[in-house]
Amino acid sequence: MSKKLLLEHIDVEGIRSYEVYRKQGGYQAVEKALKTLSPDDLVEEVKKSGLRGRGGAGFPTGMKWSFLAKPDGVPRHLLCNADESEPGTFKDRYLMEKIPHLLIEGMILSSYALGANQSYIYIRGEYMFVMRIVEQAIAEAYANGWLGKNIMGSGFDLDLAITPGAGAYICGEETALIESLEGKRGNPRMKPPFPAVKGLWQRPTVVNNVETIAAVVPIVNHGGDAYAAIGIGRSTGTKLISASGNINKPGVYEIELGLPVEEFIYSEEYCGGIKNGKRLKALIPGGSSVPVLPHYLVCKTAAGEDRLMSYESLADGGFATGSMLGSGGFIVYDEDQCMVRNTWNFSRFYHHESCGQCSPCREGTGWMEKVLHRLEEGHGTMEDIDLLWDIQRKIEGNTICPLGDAAAWPVAAAIRHFREEFEWHVRQPKLCLERNYGLVTEKKFEAQPA
Amino acid sequence: MNESRQFTPELLEEVNRIVSLFPEGKQKSALIRVLHLAQAHFGHLDTEAMDYVARLLHLNPIEVYEVATFYSMYDTKPVGKVKLEVCRTGPCMIEGAEKLVSYIEQKLGIKDGETTADGLFTLKSVECLGACGYAPMLQAGESFHEHLTEEKVDALIEEYRANPVANYMGLK
Ligand SMILES: Cc1cc2nc3c(=O)[nH]c(=O)nc-3n(C[C@H](O)[C@H](O)[C@H](O)COP(=O)(O)O)c2cc1C
Ligand code: SF4
Ligand code: FES
């Protein structure tokens, strides 16, 4: 089994089209599943594979599927989350743009496993050009009998459609996505009830990320056990990583989970090292919502072990010295980047994207943005740093949906690891506008009386 | 309502197709996409346009207003024929998004959020568009323009001057 499971055929010319995809073995997993596996068998295979959600939270997919309520006579739905708006993340777009039939094949398999006969892909509105590609592929799949009534004579019916959002990060949160798909504002719902019981149109619903659903194809082709043999520990299989920032080769890479972070950043096969011969300052490994790591915690954990690209290793040390794999939005910062400015930028993002339902999130994100902007512009005080710490603590855990946490964590981590840089902004308000603090461990700009 | 304030037969057919993707009685799910069509057709979503969409989908006007004002891609006020939407978020910022915005501001003689006097261009900085590895970037209509430089922006603006893409998110 090759290490590239999703992007194996990505460079084959014309792979976007049905004919070429089929020639490369496409839709064989559907044939296999409909002929030889019951829906429950398929859920079992996914459980065996150890696949975990690729949208950010990393929840075991097979387990999520087995929670789906199945009351008699009530239709169930599978929704694919293609909202992809987490800063630093662009892998779902890559997959849908390059090899849309892989997602459709995954949707057929997953819908079959869940007993869903009407499934939807919810894509962010800004990806309209990608939506047209997927819509074309869906039409091809219908024309070739992979969608519609009685697929391949199996008795299984499936209608699949793609539908857009219109600009709102919050619609990536699964209950907001459901609201949006119902044609409403993207306000997250209170849980419970969970979507598995009452989701789209109050019917049992599963929401999965694009990459999660695509991964079901190799799992069916090779078997759950073979998939589980790839990767490391409970981080099985492969993961798409969106690499951006100050690196030589930004882009989307498929890695086997367990690859050392150092190898991912510095090897020619992946990021190709830091641009312009600069040094690494910081890394955000899983999209803007996860804690930033200072350079000395990037390649090694606090315990001195190699840091690996896996759910466990990236989280090693908890939030004190670790982070999260998240969505795989891997953002690299070189020594010239300003951590205060970057934190302010992300706070502005969360403030902009807060749906406004809960006061800690609505007010807190705005407040953090303001205080950070003040610090960044050289008008901040030492108390502002403590104030920031206080605000983020009051948001975390006190909101309807995890966007509040997502806004709080990056601020907490930046203060935790780069406090000196924040303080330097207060002490050297003029200098801080001209240049950046450099690497934290160097104490390049040793404190001078203000 | 005069004729230009209604959908063409092709658009109405598209509305029917979109509605048919959802179960009987769930036509509200078509709203977000139909609003994209309406914005492409009418230029922006004023009350008249929103009321029209409400009638098409058998919704209360308030249900349409709520949605049109929630999502950032909808314009309830007039905008230029071409919206230049520059991503300003982290990964793009460190690759020069701010400079890019200033450059376009100077070139077009407008500030972020404004429209040129000829009604051709609106400049707007927006949040992450999912092109972080190809920064800096901007979206215009349905197209992403990535790895931007000042030269590329010059060429782009020339191109759009000659051929303003009004068909934003509409029929293809
Ligand atoms: C604010 C917010 C934004 C999110 N955005 C996305 C997204 O764009 N794509 C995604 O797959 N999951 C996103 N999620 C996670 C989803 O809520 C959900 O956990 C995920 O789609 C489940 O799929 P998975 O189990 O396959 O990962 C987001 C969560 C939050 C709180
Ligand atoms: S945490 Fe923020 S985004 Fe989530 S529901 Fe509350 S206000 Fe909305
Ligand atoms: S940060 Fe600009 S596209 Fe993601």
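Residues numbered from 1 in each chain as written. Chains lettered and ligands numbered in written order. Predicted model: local features only at pLDDT ≥ 70, side-chain atom pairs only at ≥ 80, totals over all residues. Heavy atoms only, no water.

Looking at the side chain of threonine 116 of chain B
All names here are of chain B. Selection criterion: Secondary structure elements are defined from DSSP: runs of H or I of at least 4 residues count as helices, runs of E of at least 2 residues count as strands, and each element is numbered from the N terminus. The classification of residues rests on relative accessible area computed with a 1.4 Å probe and restricted to protein chains. Under 20% of the type maximum is buried, over 50% is exposed, and intermediate values are partly exposed. For this analysis, residues touch if any pair of their heavy atoms sits within 4.5 Å.
With respect to the secondary-structure elements, threonine 116 resides in the loop between helix H6 (97-108) and strand S2 (121-126). By relative accessible area, threonine 116 is classed as buried at 10%. Sequence-distant contacts of threonine 116, that is, excluding residues within four places in its chain, are made with Leu108, Ile110 and Phe121.

So, the site of ligand 1
Residue and element names in this part refer to chain A. Selection criterion: The cutoff for a nearby residue is simple: one of its non-hydrogen atoms must lie within 4 Å of the molecule or strand. Whenever two N or O atoms come within 3.5 Å, that pair is a polar contact, provided that in protein one can donate a hydrogen and the other can accept it, and provided that, for residues adjacent in sequence, both atoms are side-chain atoms. Using a 1.4 Å probe, accessible areas were evaluated by the Shrake-Rupley method; residue-level cover was limited to the displayed protein chains. Grid points spaced at 1 Å over the protein atoms alone were grouped into cavities, where a 1.4 Å probe fits but cannot get out, and pockets, open sets with protein on both sides within 12 Å along at least five of seven lines, with lining residues defined by an atom within 4 Å of a point. Assignment to a cavity or pocket requires that more than half of a molecule's atoms be within 2 Å of the site's grid points.
Near ligand 1 there are 18 residues, and of these Gly55, Asn81, Asn208, Asn209 and Thr212 occur at the shortest range. A distance of 3.3 Å is found between an oxygen atom of ligand 1 and a backbone nitrogen or oxygen belonging to arginine 54. Here an oxygen atom of ligand 1 sits 3.0 Å away from a polar atom, N or O, in the side chain of lysine 64. Expressed as a share of its isolated accessible area of 610 Å², the protein-covered part of ligand 1 is 89%. Here ligand 1 occupies the largest pocket.

Topic: the pattern of salt bridges
The criterion, for reference: We define a salt bridge as a contact between a side-chain nitrogen of Lys or Arg and a carboxyl oxygen of Asp or Glu at a distance within 4 Å.
A complete count under the given rule lists 47 salt bridges over all chains for this structure. With a closest N to O distance of 2.5 Å, glutamate 142 of chain B and arginine 132 of chain A form a salt bridge. Separated into two different chains, glutamate 142 of chain B in the loop between strand S3 (138-140) and strand S4 (143-145) and arginine 132 of chain A in helix H7 (residues 128-143) make up a pair that spans both. Two residues, glutamate 127 of chain B and arginine 88 of chain B, come together in a salt bridge whose shortest N-O distance is 2.8 Å. Taken together, the residues glutamate 127 of chain B in the loop between S2 and S3 and arginine 88 of chain B in the loop between strand S1 (82-87) and helix H5 (90-93) connect sequence positions 39 residues apart.

Structural notes on the sheet that holds strand S2 (residues 118-123) of chain A
Residue and element names in this part refer to chain A. Formally: At least two DSSP bridges between two strands are needed for those strands to be called paired. Whenever a helix is involved, its axis is fitted only over the stretch in contact; in every case the axis is a line through C-alpha atoms, and angles between N-to-C directions fall within 0 to 180 degrees.
The parallel open sheet is built from four strands, whose spatial order is S3-S2-S1-S4. Among the strands making up the open sheet, the edge pair consists of strand S3 (159-164) and strand S4 (205-209). Shown here is a sheet whose adjacent strand axes are inclined to one another by a mean of 20°, direction ignored. Bridge analysis of S2 against S3 gives six bridges, and the strand direction is parallel. Within S3, the position partnered with serine 119 by the bridge is leucine 160.

Remarks on the domain arrangement of chain B
What counts here: What fixes the domain bounds is an automatic or database domain assignment.
Here chain B is partitioned into domain 1 (9-70) and domain 2 (82-167). Centre-to-centre, using C-alpha coordinates, domain 1 of chain B lies 28 Å away from domain 2 of chain B.

Section: the layout of surface pockets
Selection rule: Grid points are joined across faces, edges and corners, and a volume is the space filled by probe spheres set on the points. Polarity classes work like this: nonpolar for Ala, Val, Leu, Ile, Met, Phe, Trp, Tyr, Cys and Pro, charged for Asp, Glu, Lys and Arg, and polar for all others, with Gly in that last group.
Here the largest pocket defines a volume of roughly 1,400 Å³. Looking at the lining of the largest pocket, the elements that each hand over two or more residues are helix H4 (61-66), helix H5 (91-98), S4 and helix H17 (403-427) of chain A. When residues in the lining of the largest pocket are grouped by element, the largest group, five residues, is from S4 of chain A. A breakdown of the residues in the lining of the largest pocket according to their chemical character gives 20 nonpolar, 18 polar and 11 charged. Taken as a whole, the second largest pocket holds about 460 Å³ of empty space. What lines the second largest pocket is a set of 27 residues, among which Gly167, Ala168, His352 and Glu353 of chain A together with Ser72 of chain B lie closest to the centre. Those elements that place two or more of their residues in the lining of the second largest pocket are helix H14 (339-353) of chain A together with S2 of chain B.

Topic: the nonpolar core
The line we're drawing: Buried residues of nine kinds, namely Ala, Val, Leu, Ile, Met, Phe, Trp, Tyr and Cys, make up a nonpolar core once their side-chain atoms join them within 4.5 Å.
Formed by 163 residues in total, the largest nonpolar core has its most connected members in Leu42 and Phe422 of chain A together with Tyr71 of chain B. Top contributing element to this core by residue count: H17 of chain A, with 11 residues. Not counting residues within four places of it along the chain, the set of residues in contact with tyrosine 71 of chain B comprises Tyr122, Ala166, Gly167, Ala168, Cys171, Ser180, Lys184, Arg185 and Gly186 of chain A together with Ile32 of chain B. Counting residues in hydrophobic clusters, the runner-up holds 25 residues, among them Ile247, Ile265, Ile274 and Leu293 of chain A.

Details of the site of ligand 2
Around ligand 2 sit 13 residues in total, of which Cys355, Cys358, Cys361, Thr399 and Cys401 of chain A are the nearest. Partitioning the shell around ligand 2 into residue classes produces eight nonpolar, five polar and no charged.

Details of the sheet that holds strand S8 (residues 251-256) of chain A
Residues and elements named next belong to chain A. Ordered by their spatial adjacency, five strands build an open sheet running S8-S7-S11-S9-S10, and the pairing between neighbours is mixed. The two strands at the open ends of the sheet, each matched to only one other strand, are S8 and strand S10 (293-294). With two bridges joining them, strand S9 (residues 280-284) and S10 adopt antiparallel strand pairing. Bridge pairing links leucine 283 to leucine 293 in S10. Sheet strands touched by H5: strand S7 (238-245) and S8. Its angle to S7, the strand with the most contacts, is close to 115°.

A short note on the packing of helix H3 (residues 39-49) of chain A against helix H6 (residues 100-114) of chain A
Residues and elements named next belong to chain A. This is how the line gets drawn: Helix crossings are classified by the rotation of the near helix relative to the far one: an anticlockwise turn of less than a right angle makes the crossing left-handed, while a clockwise turn makes it right-handed.
One way to put it is that H3 packs onto H6 with a least axis distance of 7 Å and a crossing angle of 115°. For the element pair H3 and H6, the recorded crossing hand is left-handed. Between H3 and H6, the contacting residues are Pro39, Leu42 and Val43 on the first element and Leu109, Tyr112 and Ala113 on the second. The class makeup of the residues in the contact of H3 with H6 is six nonpolar, no polar and no charged.

Overview of empty space enclosed by the protein
Residue and element names in this part refer to chain A. A complete count under the given rule lists three cavities of 30 Å³ or more for this structure. Each pocket or cavity is described by its volume, and for the largest cavity that value is around 80 Å³. Grouping the amino acids of the lining of the largest cavity by side-chain chemistry returns eight nonpolar, five polar and no charged. One number sums up the size of the second largest cavity: a volume of about 60 Å³. Lining the second largest cavity, in full, are Ile284, Val292, Met339, Asn342, Thr343, Phe346, Pro410 and Ala414. Elements supplying a minimum of two residues to the lining of the second largest cavity: H14 and H17. The element best represented in the lining of the second largest cavity is H14, accounting for four residues.

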